[in-house]
Amino acid sequence: RGSARVVQCNSCGSIATCDTCGLPLTYHHDTHMLSCHLCARSQKAQNQCMQCGSADILYFSAGTKGIEQEVAQLFPNASIARFDLDVAAKDTIQRKLHELQTGTYDIIIGTQVISKGFDLPKLSVVGVLNADSGFTLPDYRSEEITFQQLYQVTGRVGRGHSDSNYIIQTRQPNHPVIEAALQRNWQTFYEYELNKRQLFRYPPFTHIAVANITKARQATAEKSARQLTQILESHSYIQVLGPSPSYHETAHGGYTWQVLIKSASRSALTAALLAIPTEWVIDIDPTSVL
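The text that follows walks through the structure, step by step, so that each part is easy to find. (Residues numbered from 1 in each chain as written. Predicted model: local features only at pLDDT ≥ 70, side-chain atom pairs only at ≥ 80, totals over all residues. Heavy atoms only, no water.)

### A few points about the sheet that holds strand S10 (residues 207–215)
Turning to step 1, where the next piece is worked out: Spatially, S11-S12-S10-S13 is the arrangement adopted by the four strands of the open sheet, whose pairing is antiparallel. Both outer strands of the open sheet, strand S11 (239–245) and strand S13 (281–284), are each paired with one neighbouring strand and no more. Pairs of neighbouring strands in the sheet enclose a mean axial angle of 15°, with direction left out of account.
Turning to step 2, where the next piece is worked out: Relative to S13, S10 runs antiparallel, the two being bridged by four bridges. Its bridge partner being in S13, Ala209 is matched across the sheet by Ile284.
Turning to step 3, where the next piece is worked out: Its contacts with the sheet put helix H6 (residues 218–232) on S10, S11 and strand S12 (255–263), and the angle it makes with S12 is roughly 15°. (Pairing = 2+ DSSP bridges. Helix = DSSP H or I, 4+ residues; strand = E, 2+ residues; numbered from the N terminus. Axes fitted to C-alpha atoms, helices over the stretch in contact; angles between N-to-C directions. Contact = heavy atoms within 4.5 Å.)

### So, the pattern of salt bridges
Turning to step 1, where the next piece is worked out: Evaluation of the coordinates by the stated rule reveals nine salt bridges.
Turning to step 2, where the next piece is worked out: A salt bridge links Arg226 to Glu222, with the nearest nitrogen and oxygen atoms 3.0 Å apart. One end of the pair is Arg226 and the other is Glu222, both in helix H6 and four residues apart, which spans about a single turn.
Turning to step 3, where the next piece is worked out: Using a relative accessible area of 43% as the deciding quantity, one classes Arg226 as partly exposed.
Turning to step 4, where the next piece is worked out: Residue classification places Glu222 among the partly exposed positions, given a relative accessible area of 26%.
Turning to step 5, where the next piece is worked out: A salt bridge links Arg266 to Asp285; the nearest nitrogen and oxygen atoms lie 2.9 Å apart. Of this pair, Arg266 sits in helix H7 (residues 266–273) while Asp285 is found in the segment after S13, placing the two residues 19 residues apart along the sequence.
Turning to step 6, where the next piece is worked out: Because the salt bridges share partners, they merge into one network encompassing Arg141, Glu143, Glu144, Glu193, Lys196 and Arg197. (Salt bridge = Lys/Arg side-chain N within 4 Å of Asp/Glu carboxyl O. Buried < 20%, exposed > 50% of the residue type's maximum accessible area, 1.4 Å probe, protein only.)

### Structural notes on the sheet that holds strand S4 (residues 42–44)
Turning to step 1, where the next piece is worked out: Within the open sheet, the three strands sit side by side as S2-S3-S4. Their pairing is antiparallel. Of all strands in the sheet, those with a lone pairing partner are strand S2 (26–28) and S4, marking the two edges. Neighbour-to-neighbour, the strand axes of this sheet turn through a mean angle of 30°, independent of strand direction.
Turning to step 2, where the next piece is worked out: In the sheet, S2 pairs with strand S3 (residues 33–35) via three bridges, with the strands oriented antiparallel. Across the sheet, residue His28 finds its bridge partner in S3, namely Met33.

### Quick word on unusual backbone geometry
Turning to step 1, where the next piece is worked out: Between Pro203 and the following residue, Pro204, the backbone shows a cis peptide bond with an omega angle of 15°.
Turning to step 2, where the next piece is worked out: Considering the arrangement of structural elements, one finds Pro204 in the loop between helix H5 (186–200) and S10.
Turning to step 3, where the next piece is worked out: Note that the residue after Gly242, namely Pro243, is joined by a cis bond; omega there is 10°.
Turning to step 4, where the next piece is worked out: By the secondary structure assignment, Pro243 is in strand S11.
Turning to step 5, where the next piece is worked out: Although it is not a glycine, His32 adopts a positive phi angle of roughly 55°.
Turning to step 6, where the next piece is worked out: Note that His32 resides in the loop between S2 and S3.
Turning to step 7, where the next piece is worked out: Using a relative accessible area of 28% as the deciding quantity, one classes His32 as partly exposed.
Turning to step 8, where the next piece is worked out: With a phi close to 60°, Arg201 is a non-glycine residue in the positive phi region.
Turning to step 9, where the next piece is worked out: By secondary structure assignment, the location of Arg201 is in the loop between H5 and S10.

Now the structure itself:
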């Protein structure tokens, strides 16, 4: 959603984030606004970095197909395999595993699917492009997931088959998640992540639930979401974020809007959820708020 999922300073590497949620903001070029897709707060896009004052601001989103085209131009004689959700069923990584293990391909390009536990004896170099982009998903677990993925993919090499190395491309080399991944240090990441979760009141320091509703018309979905927000705000000991369009707003045959509810009290959260009309879909303790 939006025109650019990544809004980043090319000088200091900082990413525009929401003051309320601590999550990345998405750029919308038609309004020249930065929007939080969790709490729906918006602000005008700045022409310079709020951290260092640089005017070198990047607006971009990366994709595997574009990367494959670039790699093919750089290495015209190489045999290249790409694995993502767009490849045909006969070309999935599970069906091509034998070729990957025997070295049929010189270069493998893919999404996180290629980092998941495969032992590739011929693999000697792993490169992660735009490792920062994992931080830009509007989900409180985005940095945790990025660390897990970096930890997994860098573990594809150095398994005793041959001399090997891994390269992580980042504009934030001093970011705690990048440093912990490079050092393969779980404890360092764990302490950083817990402090952040406590600061912005995310689990395990609070209980959360996400309520979603899908309607045929966008205006109807928005109206229902605003009505629910009014109902929930009458309850004590909870915090309501939103309403806002779902991250995958049009992915369910209509328009989906969401409301996120937080509370340090499990009983207060439960009491508020019991007031939600039955047409809503409620996810308690969600593993993702996207």
